[in-house]
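Descriptive analysis of the structure
If you want the building blocks of each chain, they are given just below.
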Amino acid sequence: MKNMIKMSEVAEELKNSMDSDYCEKENILLIRKRTGITYKVNGVNQKSYQEMVRLSKI
């Protein structure tokens, strides 16, 4: 069973992150927190990444 997370949860992490990187080729989103922890989110396509960024700015 895969661990599924909501787009809104990722957007909240993006909002509170220090930095993030998106690799379109591998569909991976890396979110770096101020605590030094880096989260890796697999299966992120361009459309969902843009939506998460939009949600993180609300």
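Heads up: these notes are all about the structure in this document. (Residues numbered from 1 in each chain as written. Predicted model: local features only at pLDDT ≥ 70, side-chain atom pairs only at ≥ 80, totals over all residues. Heavy atoms only, no water.)

1. Remarks on the overall build of the protein
Put simply, the test is: Secondary structure counts use DSSP, requiring at least four H or I residues in a row for a helix and at least two E residues in a row for a strand, with both numbered from the N terminus. The globule rule is 2.2 Å times the number of residues to the power 0.38, and the radius of gyration it is compared with is taken over C-alpha atoms. We call two residues contacting when some pair of their heavy atoms lies within 4.5 Å. All accessibility values rest on the Shrake-Rupley procedure with a 1.4 Å probe; residue burial counts only the protein chains present in the view.
Regarding its fold elements, the protein presents two helices and three strands. Along the protein, helices (α) and strands (β) appear in the sequence α-β-β-β-α when read from the amino end. Taken against the 2.2 N^0.38 rule, which gives 10 Å for 58 residues, the C-alpha radius of gyration of the protein at 11 Å falls within 12% of a compact globule. Overall, the protein is about 25 × 25 × 25 Å in size when its C-alpha atoms are taken along their principal axes. Restricting the contact set of the protein to residue pairs at least 6 apart, pairs at least 24 apart contribute 26%. By element, 51% of the accessible surface of the protein is carried by carbon and sulfur atoms, the whole surface being about 4,600 Å².

2. A few points about the pairing of strand β3 (residues 38–42)
Convention followed: A pair of strands is labelled paired if DSSP reports no fewer than 2 bridges between them.
Here strand β2 (residues 28–32) runs beside β3; their pairing, made up of five bridges, is antiparallel. Note on β3: the bridge partner recorded for Leu30 is Lys40. In this structure, the hairpin formed by β2 and β3 is closed by a connection of five residues, where Gly36 is found at a positive phi of approximately 95°.

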